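# A look at the structure
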Amino acid sequence: MPQLTPGADPPPRRGRGRRPADQVRAEILAAAGNLLLAEGMAGFTIEKVAALAGASRMTIYKWWPSKGALALDGYFSVVAHTLAFPDTGDVVADLTSQLVAFVRLMTDTPAGRVISQLVAQAQTDPELGVAYRERYSAPRRALGVEALTRAMARGQLRADFDPEVVVDQLWGACYHRLLIPDQPLTEDFARALVDNLVRGLRAEIGARKP
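Attention in this report is confined to the structure presented alongside it.

Here we take up helix H4 (residues 67-79). Compared with the 18 Å implied by 1.5 Å per residue over 13 residues, the 19 Å span of H4 between its first and last C-alpha is a close match. The buried fraction of H4 amounts to ten of the 13 residues, a majority that puts the element mostly inside the structure. Buried residues along H4 sit in contact with helix H1 (21-39), helix H2 (46-53), helix H3 (57-63), helix H5 (91-108), helix H6 (111-122) and helix H7 (126-153).

Now the structure itself:
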């Protein structure tokens, strides 16, 4: 099972001593991420996060405009390490490693349930929708695009495809199975996605060989 950071235990209540702003922010994010994974959006409140982090609601609202925005940042603080994108120089290995790690996170931890709830709520919460795009999906998309662009520059992949579309084909397919589970989201599925797609992206290079 993927190891999520920070851990499942909430941070201890703090005394009245003044803490540096960066420390307070980190403890709020840790509390938000842990609470979200434990209780989902149904049990997630600003009041509970404030109590766990030993911070005031006013402090939380200074950095996050809504409960949804805080939940999203808390979620990302927990999963960021697990979803780190490797760069070994082998684009197939890197894409496979990242996509399999994503699938394990979605299926073996509460993160899959939580991101499904965040996506659903973002449809009716404009502030959460903006936060989701700016703080989570756009940065995640950029990592995938960068990996594919590096592989194109190395000559590992064709230079005539749109990396944005490929990101949608890989991760979009996984989200589709997560949100509409008429077929299972599995590691074998993730590996097949990369294999099927990369064979097409490499086809022109192979065809040009004597």
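Now that the structure is up, let's keep going.
With that out of the way, let us pick up the layout of surface pockets. Each pocket or cavity is described by its volume, and for the largest pocket that value is around 330 Å³. Tyr 132, Ser 137, Trp 171, Gly 172 and Tyr 175 are the residues nearest the centre of the largest pocket, which is lined by 15 residues in total. Contributing elements (two or more residues each) for the lining of the largest pocket: H5, H7 and helix H8 (163-179).

The N-to-C vectors of H1 and H6 enclose an angle of 95°; their axes lie 8 Å apart at closest approach. Considering the angle they form, H1 stands roughly perpendicular to H6. On H6, the residues touching Leu 36, Leu 37, Ala 38 and Glu 39 of H1 are Ala 111, Arg 113, Val 114 and Leu 118. When the residues that make up the contact of H1 with H6 are grouped by side-chain class, the tally is six nonpolar, no polar and two charged.

A few words on the nonpolar core. Soluble globular proteins tend to pack their nonpolar side chains together in the buried interior. Grouped together as the largest cluster of nonpolar side chains are 67 residues, with contacts concentrated most on Tyr 75, Ile 115 and Leu 118. Of all the elements in the fold, those that place two or more residues in this core are H1, H2, H4, H5, H6, H7, H8 and helix H9 (187-208). With nine residues, the top contributor of residues to this core is H7. Excluding residues that lie within four positions of it along the chain, Tyr 75 makes contacts with Gly 33, Leu 36, Leu 105, Met 106, Ala 111, Val 114, Ile 115, Leu 118 and Tyr 136.

With that settled, the discussion passes to the environment of Val 91. With respect to the helices and strands, Val 91 occurs in helix H5. In this structure the C-alpha to C-alpha distance between Val 91 and Leu 148, which are 57 residues apart in sequence, comes to 7.2 Å. Beyond its immediate stretch of four places on either side in the chain, Val 91 contacts Ala 147, Ala 151, Gln 156 and Leu 157.

Quick notes on the rules
- Residues numbered from 1 in each chain as written.
- Predicted model: local features only at pLDDT ≥ 70, side-chain atom pairs only at ≥ 80, totals over all residues.
- Heavy atoms only, no water.
- Helix = DSSP H or I, 4+ residues; strand = E, 2+ residues; numbered from the N terminus.
- Expected span 1.5 Å × (residues − 1).
- Buried < 20%, exposed > 50% of the residue type's maximum accessible area, 1.4 Å probe, protein only.
- Contact = heavy atoms within 4.5 Å.
- 1 Å grid on protein atoms, 1.4 Å probe; cavity = no way out; pocket = protein on both sides within 12 Å on 5 of 7 lines; lining within 4 Å.
- Points joined across faces, edges and corners; volume = space filled by probe spheres on them.
- Axes fitted to C-alpha atoms, helices over the stretch in contact; angles between N-to-C directions.
- Parallel < 35°, antiparallel > 145°, perpendicular 65-115°, else oblique.
- Nonpolar A, V, L, I, M, F, W, Y, C, P; charged D, E, K, R; others polar.
- Core = buried A, V, L, I, M, F, W, Y, C linked by side-chain atoms within 4.5 Å.

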